Structure formats: C-alpha cells, structure tokens
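Residue-level structural notes
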Amino acid sequence: MNNSEWPLWEVFIRSKQGLDHKHVGSLHAADAAMAMQNARDVYTRRLEGVSIWVVESRHIHASNPDEAAEFFDPAADKVYRHPTFYDVPESIKHM
Amino acid sequence: METLAPDLSPEAQFQARIDADLRIEPKDWMPEAYRKTLIRQISQHAHSELVGMLPEGNWITRAPSLKRKAILLAKVQDEAGHGLYLYSAAETLGTSRDQMLADLHSGKAKYSSIFNYPTLSWADMGCVGWLVDGAAILNQVPLCRTSYGPYARAMVRVCKEESFHQRQGFEIMQTLCEGAPVQKEMAQEALNRWWWPTLMMFGPKDADSPNTEQSMKWRIKRFTNDELRQKFVDMMVPQAEFLGLKVPDEKVRWNEERQAYDFGEVDWEEFWNVVKGNGLCNHERLQARVQAHEEGAWVREAALAHAAKRKERAAVA
Amino acid sequence: MATPDLSPAQLAAPAYPAELRSQLFQYVLQLADTSLILAHRLSEWCGHGPVLEQDLALSNIALDLLGEARSYYQYAAELEGRGRTEDDLAYLRSAVEYRNPLLVEQPNGDFAYTVVRQFLFDNFHYQLLKGLQNGPDARLAAIAEKSLKEAAYHLKWSSEWLIRLGDGTPESRRRLDKAIATLWRFAGELTTPTPNESQLQELGLVPDYAALLPAMQAHVAHVLAEATVPLPTAPVAQLGGKTGRHSEHLGYLLAELQYLQRTYPGLTW
C-alpha cells in the first residue's frame, strides 16, 4: 500500500433549475478542479444535473447520533408549530 | 438514532431497528461484526465491478459495429462507476479505497468468480449482459432495501443504470439468433459455456452457506442463494426458448406442482476450485488490476504533488 | 444516436457539383477516421486507468469522439451516395485508405503519452470545430456545434493534466518530457493542409489552418508555461497519415477493429 490516495470529496447535484442540491455520493480527487470534473464524469453521465457542488469530506461536520435525542426530540412536542394544530371554522376560506 | 426500545442493550436496540426496517447510517452504533461483514460484502461487490470490466473490456476494441462499440464502452464505463459508488459506500464504514484495493491485490479479498472465465467470442458479450447481468440484477435489486443506508443508496443508483445492461446483452443474443447460422452457433456455444458459471454466481447451496442466516437477520441479504438461483432459472429458461437456444442442462423441465423449473446440480467442485483461485483467468485478472494500480501510482502522486504546490503558492500570494 | 438534431434541409446533402462532392467526401472521411481512431485508442484504457475516476473520464472522451465519428461517417456516406453505411466505411477500408493524421494512431504508451497526444489533438480539434461551426456547410456546422462543447471539455481535461504532470513530481516531469519529445513531431501534420484540404480551404468551404494557428499557439504557450515546461523547438513534422501513409501502428489497430466484419463478411451484428 502507498500513500498516493487522493482525498475524499462529497458531491451534491442540482438535478434541475429550481431544486436544491442533493447529496449523491463521493469520489476521490487531488484538488477541487479535478473533484468538479470527476463529479461531472462520474455522477452526471445521464443528464442527472445542471449544477454541481463538491466539498472535501473532512470539512463536513456531522451531528452525533448519540446526541440525537437532545438534538431532535425536543421538537417533537411543539405541535403548535404546525398549521394542523389549529382549528379553523368551516366557513373561513383561504387560511 | 431513533430509539425503539430504550431499556434494551445496544445490540438489541440495533436489531429492533433492523426488524422495523429502519436504515442504519454511518455514524450510528453498530455491532463490530455487522461493520466487518458489510465491509467484506460491499468491497467484494465493488471488486467484482472493477474486475468485471476486464472480460468485456477486452472486446471494446473488437466490437463489430460502431453502435455496438459505443454501447459496450458505455456499459463497461458504467461498471467503473458502480465500483466507485460501492467503494464510496464502504468508505463510510471507516475503511479506505486504498486498503480495499490492497486486499484485492493481495488475494485477501474476493470478487465474483464469474469474471475468471474467459470471453472468447462476440456472443460472450451477449451472454455476459443477458445472463451474468441478469443474475447480478436478481442479487442487486433486493439490496436496494438493504439495512445499511449508504449501501442501499448506492444500489439504487447501480440498479437504475444496470437496467440497460441486460437489455443490450439480450439484444446482442437476439440479433445473433436471428442472423446467419454461424451466428446462431456462436450464440449457442457461448450459452453452453456461460450457463453453469452463471448459476454458480448465486453462491454455494444454502446448506453450505454459513453466513446466510446472520446476513438475513441483519437484512444485508434478503433472499437465500438457492431462492435466487431458482428465480433465475425460472426467468431464463423461457427467454432461452424465445431465442431458440437450448440451456445446457438435460434435467431442466417445468414442474407443475412446484410451479418452477427443476434443474440439474451445479458442479460444486468447479465452483470451489475457481473461488480458490484456480480458474482459467484468475491470475490474469488480478495481474491486470495490480498492474493498472501500480502503473498509475506516479500519476496519482503527481496530481497530489501539484495540488500541494498550488496550495502553497496560494498561501504565499 | 450520435447524430445531432438536424432539420430536413440540413439532412439533404447540399447540391455540390460532383467533383466538389467527392473532395468534401474525402475531407469528412478524414474527420471521421481521426475521431474514430483516437476514440479507439482511448477505449483501450477502459479498465486500466490510473484511478477509477480517470477511467471514467477517459471513457467519456472516447464516447464523445466515437459519437462525433459516427456523425461524420454518416454524412460522408451520404456525400458519396453509393449506399455505403457508417460501418462499411469504418470496417471495410484498409490502412492505406484511412485518412487520419499520424498523431491519433500512436499507441497509448503511459498516461503521459496519452495526455500529450490528447492535448495536441484537443487544441487543434477545438479551434477546428469553432471554424467548422461557422462554415458554409450546414451539416458540418451542426455536427461541429454539438462536438465543440465536448471538445472544450476535452481540452480542459488534457490541459490540466499536462500542467499537473509537468509541475508534479520529478518522475511525472521525466515521463512528460519523454512524451513531448516523442509526440511533438506529429503535431505539425494536423495543420499542414493536404492538396485536398488546400482546395477546400481556398473555396472557403472549410477552415483555413493558418487562421487557427495563432489561437492554438497561444494556448500551447500558456499551458506549457503553467506546466513549467519549456516550449519545444519545432521538430521536423512527420506527415503522411492524412494521405494514407501511416505508421505501422495503424495496421494492428485496424486488424483488431475490423476483425469480426472481416471474418464474417456481410452479416448484421
């Protein structure tokens, strides 16, 4: 084994104008320009995208699954944030 | 992580999530054996895509028409893509592509034995697409729902792209079978060679497959080897008949009671022999991969060195 | 599959006088052979690239060129009007009938050879397509318009790799220098017109190479400077491919390419 492995990059693709970029996978590249071209060659061979983002994987900070409970559970009981929480009289339209 | 049963041990919680058909994601807790099994399975799958480029790749330069050449090149290129998606999925488990390749090159990691058979005629391109990719699809479609998220997502992409592969193979076979007698002979001869090795692709009989039970429990495998093999035979025998070809197994006949085809026994001695590395092309295939990797080392190093120089210059400026 | 969308008016081969038609046929055939042979060479990399990502990149370039070649062959077949198909033209002509320049038939060698060969070709190809795109022949203009986008990407790819190899490690530089020393002598043929090309250029039907040269030279100077590689002193150009005098490499390439069609004549695959 040698140490010539290129860094890992994450690839995000906008599939068409008006949509968000979505994570599609990863690849290896020596620099950002190459990562961009590799992403084009690997992930858009079938017209999958109109725009590409690449970011070196080591720059991504991810939430910790062990903290998922304190992160996400507190949102569960805030039902008043959702429109369905409120009763609107039948006769009221457009609300 | 969604906690289904907070009072249970991590192992039991993990299994509860799997049983509820929830996906496991890279940073979630997982049993070490699950991680190891996945790395082995996904990397083996990735290696199969990579090595699988070779038997078809050697016909790209001999494809009989410009259209066929373009299709074959695009197909083999897809396999490189599939290998890449799968290596990436395995990398989320904490291994590196370099490590996986080192294991392939040293013979520690395996790849599908089917690629250790030689491709000898143009009809082999038909058989590889029609039979081998057909078998691969049967294996792969259930994996789109496999328990490990990155693997499942990679498989969705693979399966989406794979669907043209089998069709192009069948189209090659159909063109040959509707062509001159010499072409039909070519098709039959190729089928004779590829039929049994393709049946071996589903792995040993369930009784001889010790990992199956645990893998099914973890939902990284969703059907047993024998189930898939039967499915394959049921699917392929009518297609061979449609082509006017004969499957090289005297024991193939429709079983009304089982509503399935009976078929003969795979030559398991040959199977294990090829798995152990004694197939006709084992040596060449591995050698070709090692050579490509070694001869590419200076290219990869140069790109890294150049990127480092650029960064340095940008920092100074 | 590879033919760009063309209007019916563009599809009908223009009403050229017979002699001009035959000259244009030769020219289009030369374009077709060039793209095919280079695509074939690049496709030899498939499965053997230095890294998986570049395996995909090389195949993409090969597929672009193959598609372009098919468009040219189809047009050439129509210009000729003798009922030959794209496959007849590609598979049933011998080496001396092939009209590609020597550069594209040179073997892949190592990755540096492939990059230098590609760079020299892409730099020419890109400028040529720009010219063809604005030329009077509607069919060629349409093919060029589609291919130009691909060629722009190819040129970016090969330029960036040339820079990486030149300004990478001592090893990559050594290999790049060797590739340049071997392949640079084939660059001149690309822009040296054959008598047929000269006549078509005089008629204004195809781009004048002299007009392409300044942009080509500027790009070479720019990329080599980035790569920290001195500009090679112009070697004596090797000519011949475009008039059918090929290097020995082409015969082997065609033997492989044409093997099935030659072994089983007249069948459909």
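Each chain has its residues counted from 1, following the order in which its sequence is written. Chain letters start at A and ligand numbers start at 1, both assigned in the order the entries are written. It should be noted that, the model being predicted, local features are given only for residues of pLDDT at least 70 and side-chain atom pairs only at 80 or more, the latter also being counted only at that level, while totals for whole chains, interfaces and linings use all residues. Side-chain metrics rest on all non-hydrogen atoms present in the structure, leaving aside hydrogens and water.

Here we come to the overall build of chain C. Assigned secondary structure in chain C consists of 13 helices and 0 strands. Seen in sequence order, chain C has helices and strands lined up from the N terminus as α-α-α-α-α-α-α-α-α-α-α-α-α. With C-alpha atoms as the basis for the radius of gyration, the globule rule is written as 2.2 Å multiplied by the number of residues raised to the power 0.38. Taking 269 residues into account, the globule formula puts the C-alpha radius of gyration at 18 Å, and chain C, at 18 Å, falls close to it. Its C-alpha atoms give chain C principal-axis dimensions of roughly 55 × 45 × 35 Å. When a residue's accessible area, from a 1.4 Å probe over protein chains only, is under 20% of the maximum for its type it is buried; when over 50% it is exposed; and in between it is partly exposed. The buried share of chain C, taken over its 269 residues, is 60%. Here a residue-residue contact requires only that any non-hydrogen atoms of the pair lie within 4.5 Å. Looking at chain C alone, contacts between residues at least 24 apart form 81% of all its contacts between residues at least 6 apart. Accessibility throughout is a Shrake-Rupley quantity obtained with a 1.4 Å probe, and a residue counts as covered only by protein chains that appear here. When the accessible surface of chain C is split by element, carbon and sulfur atoms take 56% of a total near 10200 Å². Neither His nor the chain ends is counted toward charge; the positive residues are Lys and Arg and the negative residues Asp and Glu. Where a charge sits is defined by one atom per residue type, namely NZ (Lys), CZ (Arg), CG (Asp) or CD (Glu). In chain C, the 22 positive side-chain charges and the 31 negative ones have mean positions that sit 2 Å from each other. To qualify as a helix, a DSSP run of H or I must reach at least 4 residues; to qualify as a strand, a run of E must reach at least 2; elements of each kind are numbered from the N terminus.

Right, let's get into the side chain of B:Lys75. Among the structural elements, B:Lys75 can be located in helix H3 (residues 66–91). Residue contacts for B:Lys75: discarding those within four places in its chain leaves B:Glu56, B:Gly129, B:Asp133, B:Phe164, B:His165 and B:Gln168.

Here the focus is the interface of chain A and chain B. Each partner contributes residues to the interface: chain A has 25 residues there, and chain B has 27 residues. Salt bridges are counted wherever a side-chain nitrogen of Lys or Arg sits within 4 Å of a carboxyl oxygen of Asp or Glu. Linking chain A with chain B are 4 salt bridges, by the criterion used here. B:Glu161 is paired through a salt bridge with A:Arg46; the nearest N and O atoms lie 3.5 Å apart. Pairing of N or O atoms within 3.5 Å defines a polar contact, subject to two protein rules: one partner must be a possible hydrogen donor and the other a possible acceptor, and residues neighboring in sequence count only if both atoms are side-chain atoms. For the pair chain A and chain B, the interface holds 10 residue pairs in polar contact (both at pLDDT 80 or more). Sorting the residues of the side of chain A that touches chain B by element identifies strand S2 (21–28) and helix H1 (32–43) of chain A as the ones contributing at least two each. Only Asp, Glu, Lys and Arg are considered charged in this grouping, and only Ala, Val, Leu, Ile, Met, Phe, Trp, Tyr, Cys and Pro are considered nonpolar; every other residue, Gly among them, is considered polar. Split by residue class, the side of chain A that touches chain B holds 13 nonpolar, 6 polar and 6 charged.

Moving on: the interface of chain B and chain C. Contacts between the two partners involve 47 residues from chain B, matched on the other side by 49 residues from chain C. Summed over both sides, the interface between chain B and chain C buries roughly 4100 Å², with carbon and sulfur atoms accounting for 69% of that surface. Applying the counting rule to chain B against chain C returns 4 salt bridges. We note a salt bridge from B:Lys309 to C:Asp167, for which the minimum N-O separation is 3.0 Å. Counting across the interface, chain B meets chain C through 19 residue pairs in polar contact (both at pLDDT 80 or more). Partitioned by chemical class, the residues of the side of chain B that touches chain C number 27 nonpolar, 9 polar and 11 charged. By buried area we mean how much accessible surface two parts lose on assembly, using a 1.4 Å probe and totalling the loss over both.

Another point: the pattern of salt bridges. This structure, assessed with the given rule, holds 42 salt bridges over all chains. Between B:Lys108 and B:Asp103 there is a salt bridge, and its shortest N-O distance comes to 4.0 Å. C:Arg70 is the salt-bridge partner of C:Glu86, the closest N and O atoms lying 3.1 Å from each other. Within this pair, whereas C:Glu86 is found in helix H4 (residues 86–91), its partner C:Arg70 is found in helix H3 (residues 52–80), the two being separated by 16 residues in sequence. Accessibility assignment for this pair places C:Glu86 and C:Arg70 in one class, buried. Bridged by salt links that share partners, the residues A:Asp31, C:Lys156, C:Glu160 and C:Arg164 form one connected network.

Residues B:Tyr34, B:Trp122, B:Trp195, C:Tyr73, C:Phe111 and C:Trp161 are the most contacted members of the largest nonpolar core, which totals 195 residues. Of the residues forming this core, the biggest block, 16 residues, is contributed by H3(C). Every residue in contact with B:Trp195, bar those within four places of it in the chain, is listed here: B:Leu131, B:Phe232, B:Val233, B:Met236, B:Val237, B:Val247, B:Pro248 and B:Asp249. To qualify as a nonpolar core, a set must consist of buried Ala, Val, Leu, Ile, Met, Phe, Trp, Tyr and Cys residues joined through side-chain atoms within 4.5 Å.

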